[in-house]
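Below, each chain spelled out in residue letters.
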Amino acid sequence: MTQDEGELDSLVRKRIRALRVAQGWSLEELASRARVSQSTLSRIENGQRRLALDQLLTLARALDTSLDQLVETASDDVVTSPMIDGAHGLMRWPIKGVPGMSVVRQRMTEPPPDNPSRMRAHPGREWLVVLSGTAVLLLGHRRLRVETNQAAEFPTMLPHAIGAEGGPCEILGIFDRDARRGHQRDSQGASGDRESDGSCT
């Protein structure tokens, strides 16, 4: 076994124990859920038994996680800098562990559009929190005020737009792959101020 393999082996064993303890389960309880003997589980956690793939799969299911997450190692690029879109007042960070997901921070100064035709609908789901100020979210036929520290989550197949109320506001949004693509298409087909004027987050 190489040093890297030994470190991964040790990490996986510690992770199994940590997940078990976090659930508040005894060795006996996890062993029962994973259908292995308590002594086998104890030897796995303590490094006295070889880690077998079939047992790892069983333990991952019992711990309500995936094999990938159980054996995942830390990458070198833990800290990332945002991609900045100054024209639209955006900062964007990809979420590496969830391909297609991204986090966007945006400062808005304009109210949402008055014209319903400027609301957008596309596949996906969005979650946003207002960091400062007050935002107005137009969602279908509804007009919702979202105050500082309040969050909103909605399917983006509903026509939607967002803007500021009573002064600038700053929002932080999480987009899944479909929602991000929908907004990219909107901004590519729009004039330069589409995203900053509230027609899309």
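For the structure itself, consult the block above.
Residues numbered from 1 in each chain as written. Predicted model: local features only at pLDDT ≥ 70, side-chain atom pairs only at ≥ 80, totals over all residues. Heavy atoms only, no water.

A.B. asks: Can you help me understand the overall build of the protein chain in this one?
C.D. replies: Secondary structure summary: the protein chain contains six helices and nine strands in total. Of all 201 residues assigned to the protein chain, the portion counted as buried reaches 37%. Residue pairs in contact within the protein chain that sit at least 24 positions apart in sequence constitute 64% of those at least 6 positions apart. Summing over all exposed atoms, the protein chain offers an accessible surface of approximately 11,700 Å²; the carbon and sulfur share of this is 49%. (Helix = DSSP H or I, 4+ residues; strand = E, 2+ residues; numbered from the N terminus. Buried < 20%, exposed > 50% of the residue type's maximum accessible area, 1.4 Å probe, protein only. Contact = heavy atoms within 4.5 Å. Areas by Shrake-Rupley, 256 points an atom, 1.4 Å probe, with all protein chains shown as cover.)

A.B. asks: Can you walk me through helix α3 (residues 38-46) in this structure?
C.D. replies: Residues separated by three or four positions in an α-helix point in the same direction, a consequence of the helix having 3.6 residues per turn. Considered for burial, the residues of α3 that qualify are Thr40, Leu41, Ile44 and Glu45. Each buried residue of α3 lies within a common arc of 135° when the element is viewed along its axis, so the set occupies one face. Trailing α3 by a residue or two, Gly47 shows a phi angle of about 80°, which is positive. (Arc of directions from axis to C-beta.)

A.B. asks: Is there a simple way to think about the sheet that holds strand β5 (residues 135-139) in this case?
C.D. replies: Within a sheet, neighbouring strands are paired by backbone hydrogen bonds and run either parallel or antiparallel to one another. One open sheet holds the three strands; their spatial order is β6-β5-β8, and the pairing between them is antiparallel. The open sheet has two edge strands, β6 (142-146) and β8 (160-164), and neither has a second partner. Direction aside, the axes of adjacent strands within the sheet are offset by 20° on average. Summarising the sheet, β5 and β8 pair through five bridges and their orientation is antiparallel. (Pairing = 2+ DSSP bridges. Axes fitted to C-alpha atoms, helices over the stretch in contact; angles between N-to-C directions.)

A.B. asks: Can you help me understand the pattern of salt bridges in this one?
C.D. replies: Think of it this way: side chains of opposite charge can pair up when their charged atoms draw near. Counted under the stated rule, the structure contains seven salt bridges. Residues Glu45 and Arg20 are paired through a salt bridge, measuring 2.8 Å at the closest nitrogen-oxygen approach. Note that Glu45 is positioned in helix α3 and Arg20 in helix α1 (residues 3-23), a separation of 25 residues in sequence. Looking at Glu45, the relative accessible area reads 11%, which means it is buried. Where Arg33 meets Glu29, a salt bridge forms, and the shortest distance between an N and an O atom there is 3.3 Å. (Salt bridge = Lys/Arg side-chain N within 4 Å of Asp/Glu carboxyl O.)

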